[in-house]
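Residues per chain are reported as follows:
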Amino acid sequence: MKHTRIPVALVATMAVASLGLSACSSSGGSKAGSSAKPSATSLAANTIKINAQPRSALKQGGTLTWAIDQYSTQWNYNQINGAEYSTDAVIEAVEPIIFRVDPATQKVTPNTNYLTGMPTVTTVNGKQTVTYNINPKAKWSDGTAISYKDFAAQWQALNGKNTKYQIGSSTGYSNITSVVAGTSPQQVVVTFDQNFGDWTSLFAPLYPASAQSTPDEFNKGFLNKIPVTAGPFKIESMNATTSTVTVARDPNWWGDPAILDKIVFRAMTTDAADGAFANGEVDYLNIGPSAAGVKQAQGRSDGEIREAAGPQFRHVTFNAKSPLLSDVKVRQALFQAIDRTAIANSDLKGLGWPALLLNNHFFMNNQEGYQDNAGVLGKYDPTAAKAGLDAAGWKLNGQYRQKDGKTLELTFVYPDGTAVSKNESVLLQAMFAAVGVKLDISAVPSDDFFDKYVQPGKFDLTAFSWLGNAWPVSSNYSIYQSPVGSNNFQNFAWTSDPNVDSLMNKSIADLDHTQAIADANAADKAIWQDAGVFPLYQRADIYGAKKTLANLGAPQDQDEVVYENIGFTS
């Protein structure tokens, strides 16, 4: 339930969209090797593999050990360094997520632990107005009632007007003119000056006013700590030395009590996590596109693979802020130097999943609205790449190209311990060498990858995936919007295009379904020409889970996880 995507080193799901993904979903457990592998056409039939069980069928208590990809330092998801999978996995256990996405129908519904029902949407004096009624039982761990003040503070922090708030995205919040109390402090009236069709993506996760009323509180209040909570679990301990966060059942939670006693989130490199699952050290992990990881997981007698044909994509980001990549013609030429089919086949080898190349930045192959907008930039054409580099002034001088005495030498940065990323870097190195471009490879500590390299732009190229949600256009906005000063939001490519901004703004404001899709595709065509983010392929969720683990597995969206219902059958 969030207005931004989440970058992860390996895999990311993009859930069914409010702009119209037609899907047929079901729930249930899966045995290792028992799932029928999809063809390129059958991938459209999405499934959810979470071993869905009623609460009454679960054993009370127990501890779940959940492998995450890094130990976060910024636990404010809305802060520019906070929107990461590891942060989200923990935060959704302890902070308010006011809406839920039903895994079977993909319908957005209110989380009645926080809202008494679906907010009402009206037009008042020509302005879109949304009224929320907060559950009177809902309160923060410090005893303060959740109220309009928390919504108002979050809007003020995220509307983009005060640049001292280091925000990941202002999408939707910048459309709001006021957030005030209605008939009581537990009624919130939100008024928009421009329509925002994806309004259900806002205010989640919700943070207390005490953590975001000033820029200092917003930027530092959840730095290296989670001081205030309001979820089925509370923080028991946070240990940077062991890279673990332990949450425990909160006895003050007013909803259905958590089945589990505790969840231990353990940060590990992807390769290490595969081994830990195989050895029974962790109960749940995101395996990603790793045939070796799948093979290890299948060797665990009390474990299984849970796979969902949910849409998601992997990509390569080009840093337009890099001096050698500032020329869009150079980036476009390098797009054509990349054989995506070879990369996809290599990444997915042994997994049995089709290599579906992705030619759209908003919609997946199996989504309504998908169309191929890549044009020539999506076609592997080393001859055209060479011609493009020649035209940009980079002439071959021996093995590599030079211009004004400088060699076209780039650096690909990836998180150490991630075999898929390493594999991609080696393939790209050979592809670039074939057109006269030198590519150096730099493995950096996994915990530092996003915060110290990707976010500040200390790379020329990198590859990772985006963990999405139910709003493909508004959640993508921060990835492609023009940076403002030193804040690139989540635009790690640092591309700036007012036309893209305008088209995305129109799409998220469209209340007409067909027009919203058309405007999103118009924006996508322009994004392709900017040559900042190069989509590689669409693929499935692949998780390892202990067989008895219930109500967790391979969802299409993290927001579908009901943490208080996770447990073990025996």
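Summary of the structure given here. (Residues numbered from 1 in each chain as written. Predicted model: local features only at pLDDT ≥ 70, side-chain atom pairs only at ≥ 80, totals over all residues. Heavy atoms only, no water.)

1. Some points on the overall build of the protein chain
Short version of the rule: A run of DSSP states H or I qualifies as a helix once it reaches four residues; a run of E qualifies as a strand once it reaches two. Both are numbered from the N-terminal end. When a residue's accessible area, from a 1.4 Å probe over protein chains only, is under 20% of the maximum for its type it is buried; when over 50% it is exposed; and in between it is partly exposed. By definition, residues are in contact when any of their heavy atoms lie within 4.5 Å. Each accessible area is a Shrake-Rupley result for a 1.4 Å probe, and residues are judged covered by the shown protein chains and nothing else.
Along the protein chain, the regular secondary structure elements total 13 helices and 25 strands. Evaluated residue by residue, the protein chain yields a buried proportion of 61% over its 570 residues. Residue pairs in contact within the protein chain that sit at least 24 positions apart in sequence constitute 71% of those at least 6 positions apart. Here the protein chain displays about 19,500 Å² of accessible surface, and carbon together with sulfur accounts for 50% of that area.

2. Details of the sheet that holds strand β8 (residues 187–192)
Note: strands within a sheet are paired through backbone hydrogen bonds, in either parallel or antiparallel orientation. Counted only if it meets this: Pairs of strands are assigned from DSSP output, requiring at least two bridges between the strands. Between N-to-C directions, angles cover 0 to 180 degrees, with each direction set by a line fitted to C-alpha atoms, over the stretch in contact for helices.
Taken in spatial order, the 4 strands make up an open sheet running β5-β6-β8-β7, and their pairing is antiparallel. This sheet does not close on itself; its edge strands, each paired only once, are β5 (120–124) and β7 (176–181). Across this sheet, the average inter-strand angle for adjacent strands is 20°, counted without regard to direction. By the bridge criterion, 5 bridges tie β7 to β8 in an arrangement that is antiparallel. In the strand pairing of β8, V179 is matched with V190. Helix-sheet contacts for helix α2 (residues 148–158) involve β6 (127–133), β7 and β8, and the interaxial angle to β7 is about 160°.

3. Focus: the nonpolar core
Stated precisely, the cut-off is as follows: Only buried residues count toward a nonpolar core, which is a set of Ala, Val, Leu, Ile, Met, Phe, Trp, Tyr and Cys residues joined through side-chain atoms within 4.5 Å.
Ranked by internal contacts, the top residues of the largest apolar core, which has 64 residues, are I98, Y132, F151, I176, F203 and F362. Counting 50 residues, the second-largest nonpolar core is a separate cluster that includes A273, L285, I287 and V294.

4. Considering the packing of helix α6 (residues 328–336) against helix α13 (residues 513–530)
For any two helices packed against each other, the geometry comes down to the angle between their axes and how far apart the axes lie. Formally: In this scheme, roughly parallel covers angles under 35 degrees and roughly antiparallel covers those over 145, while 65 to 115 is roughly perpendicular and the rest are oblique. Here the nonpolar group is Ala, Val, Leu, Ile, Met, Phe, Trp, Tyr, Cys and Pro; Asp, Glu, Lys and Arg are the charged ones; every other residue, Gly included, is treated as polar.
The geometry of α6 relative to α13 is characterised by a closest axis approach of 8 Å and an angle of 95° between their N-to-C directions. In terms of their interaxial angle, α6 and α13 are classed as roughly perpendicular. Contact residues: α6 offers V328, R331, Q332 and F335, while α13 offers W528, Q529 and D530. A breakdown of the residues in the contact of α6 with α13 according to their chemical character gives 3 nonpolar, 2 polar and 2 charged.

5. Thoughts on the pattern of salt bridges
A side chain of one charge can pair with a side chain of the opposite charge when the charged atoms of the two come close. Put simply, the rule is: Counted as salt bridges are all cases of a side-chain nitrogen of Lys or Arg within 4 Å of a carboxyl oxygen of Asp or Glu.
A complete count under the given rule lists 13 salt bridges for this structure. The salt bridge partner of R306 is E304, with a shortest N-O separation of 2.7 Å. Taken individually, R306 and E304 each receive the classification buried, so the pair is uniform in this respect. In this structure, the salt-bridge partner of D448 is K452, at a minimum N-O distance of 3.6 Å. Owing to a relative accessible area of 48%, K452 belongs among the partly exposed residues under this scheme. Three or more residues are tied together by salt bridges with common partners; here these are K506, D510 and D519.

6. Considerations on the packing of aromatic side chains
Where two aromatic rings form a pair, the distance of their centres and the angle of their planes describe that pair. Where we set the bar: What counts as a ring pair is set by centres within 6.5 Å for rings of Phe, Tyr and Trp (its six-membered ring), and what kind of pair is set by the plane angle: stacked under 30 degrees, edge-to-face over 60, tilted for all other angles. Any Lys NZ or Arg CZ found within 6 Å of a ring centre and within 35 degrees of that ring's normal is scored as a charge over the ring.
By the definition in use, this model includes 26 aromatic pairs. Arranged with centres 5.1 Å apart and planes meeting at 50°, the rings of F318 and F335 form a pair that is tilted. Note that F318 is positioned in strand β14 (residues 313–318) and F335 in helix α6, a separation of 17 residues in sequence. Judged by its relative accessible area of 0%, F318 falls in the buried class. Taken together through their ring pairs, the aromatic side chains of F99, Y132, F151, Y173, W199 and F203 make up a single cluster. In this structure, R300 packs its charged tip against the face of F277, placed 4.6 Å from the ring centre.

7. Details of the sheet that holds strand β18 (residues 406–407)
Taken in spatial order, the 3 strands of this open sheet run β16-β17-β18, and their pairing is antiparallel. Single-partner strands in this sheet number two, and they are β16 (395–397) and β18. Sheet topology places strand β17 (residues 400–403) next to β18; 2 bridges connect them, and they run antiparallel. Across the sheet, residue Q402 finds its bridge partner in β18, namely T407.

8. Points about the environment of K395
With respect to the element layout, K395 can be found in strand β16. Judged by relative accessible area, K395 falls into the partly exposed class, the value being 47%. A C-alpha to C-alpha distance of 8.7 Å links K395 and G436, two positions 41 residues apart in sequence. Not counting the four nearest positions on each side in its chain, K395 is found in contact with D390, Y400, R401 and Q402.

9. Some thoughts on the side chain of D274
The cut-off we apply is this: This count recognises Lys and Arg as positive and Asp and Glu as negative, with His and chain-terminal groups excluded.
Position of D274 among the secondary structure elements: in helix α4 (residues 270–278). One buried charge, D274, has no salt-bridge partner; the nearest side chain with opposite charge is R300, at 11 Å. Once residues lying within four places of it in the same chain are set aside, the contact partners of D274 are L285, I287, S290, G293 and Q296.

10. Section: α2
α2 sits mainly inside the fold: 8 of its 11 residues count as buried. Along α2, the residues classified as buried are D150, F151, A152, A153, Q154, W155, A157 and L158. Phi turns positive one or two residues past the end of α2, at G160, with a value near 85°.

11. Details of α13
Rules: Expected span of a helix, by definition, is 1.5 Å for each gap between consecutive residues, and there is one gap fewer than residues. We define a polar contact as two N or O atoms separated by no more than 3.5 Å, with the added condition that, inside protein, one atom must be a possible hydrogen donor and the other a possible acceptor, whereas residues neighbouring each other in sequence contribute only through side-chain atom pairs.
The terminal C-alpha atoms of α13 lie 26 Å apart, and with 18 residues this matches the ideal 26 Å at 1.5 Å per residue to within 8%. Taken residue by residue, α13 has A516, I517, D519, A520, N521, A523, D524, A526, I527, W528 and D530 as its buried positions. Where the residues of α13 are buried, they touch α6, α7 (340–348), α11 (477–480), α12 (498–509) and β22 (533–538). With a side-chain oxygen positioned 3.3 Å from the backbone nitrogen of T514, the residue opening α13 is D512. In the stretch just after α13, A531 is the one whose phi turns positive, near 50°.

12. Quick notes on the pairing of β17
For β16 and β17, the ladder comprises 3 bridges, and the chain directions are antiparallel. Its bridge partner lying in β17, N397 is registered against Y400. In sequence, β16 turns back onto β17 through a hairpin of 2 residues, with G398 there showing a positive phi of about 85°. The turn joining β17 and β18, which pair antiparallel and follow one another in sequence, is formed by 2 residues; a positive phi near 55° is taken by D404.

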